[in-house]
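Coordinate analysis (summary)
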Amino acid sequence: MPNLDDGELGEIDFHAIHNMAPSLHRPRVLMLYGSLRERSFSRFLTYEAARILDRLGAEVRVFDPSGLPLVDDVSADHPKVEELRQLSLWSEAHVWCSPERHGAMSGVMKTQIDWLPLSPIGGIRPTQGRTLAVMQVCGGSQSFNAVNQMRILGRWMRMITIPNQSSVAKAWQEFDDDGRMKPSAFYNRVVDVMEELVKFTLLTRDRSAYLTDRYSERVESVEQVHKRVSLPKI
């Protein structure tokens, strides 16, 4: 096989996959929501999921997108941008929760994701290898446009998106006056998704660097990789 660099391909390291001593700290989960409304159902759903994650033993931090500027409208040293990026570097898993607007995720949600670069920060990509759960809230009947879009973004951001997901139809009638989610099949699905996220995070977090180690990047120089994933503004 003349096209292969045998020195970089090597063999699959079964020890790196099966015999690694597990980390014992609580799984670290960053949660993003996609609405700035005072009565934001994506925020309500995010905090409901955060309570479930806490019950499952995770350490949870929720990013408040209020005050986060549009991408490229300010430099990356803006305080809200730095806060978001540092939280992503801290995390081992993400939860993205967006309302569906005009058949798509919200601009607030997309702006948060767009501020997370593919290129490394301090030598570490802020999303690569992290697990991801996606959820959406709908004003009307159940739809999956937003979660489908976020799945595409999760793949693009080199994340491990779990199979399960949540879409809450007619969200305005699923929460009480205090913003707490009422008992329902929708609530049970949220529990399913958070439970699955914790399981996948525990399964992959110690192996994520190996699982996302790519032959195509091993045969490139560091300079070539940085140039490829750090395109100028377009």
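Residues numbered from 1 in each chain as written. Predicted model: local features only at pLDDT ≥ 70, side-chain atom pairs only at ≥ 80, totals over all residues. Heavy atoms only, no water.

Let's shift gears to helix H3 (residues 41-55). Look at H3: 21 Å from first C-alpha to last across 15 residues, which is about the 21 Å you get at 1.5 Å a residue. Taking burial as the measure, the 15 residues of H3 include eleven buried ones, the bulk of the element. Regarding H3, the residues found buried are Phe 41, Ser 42, Arg 43, Phe 44, Leu 45, Thr 46, Glu 48, Ala 49, Ala 50, Ile 52 and Leu 53. On the buried face of H3, the contacting elements are strand S1 (28-33), strand S2 (59-63), strand S3 (93-101), strand S5 (131-137), strand S7 (166-168) and helix H7 (185-204). (Helix = DSSP H or I, 4+ residues; strand = E, 2+ residues; numbered from the N terminus. Expected span 1.5 Å × (residues − 1). Buried < 20%, exposed > 50% of the residue type's maximum accessible area, 1.4 Å probe, protein only. Contact = heavy atoms within 4.5 Å.)

Although it is not a glycine, Arg 158 adopts a positive phi angle of roughly 65°. With respect to the helices and strands, Arg 158 occurs in the loop between helix H6 (145-156) and strand S6 (160-161). Within the chain, Lys 170 stands out as a residue other than glycine whose phi angle is a positive 45°. Among the secondary structure elements, Lys 170 is positioned in the loop between S7 and H7. Judged by relative accessible area, which is 38%, Lys 170 ranks as partly exposed.

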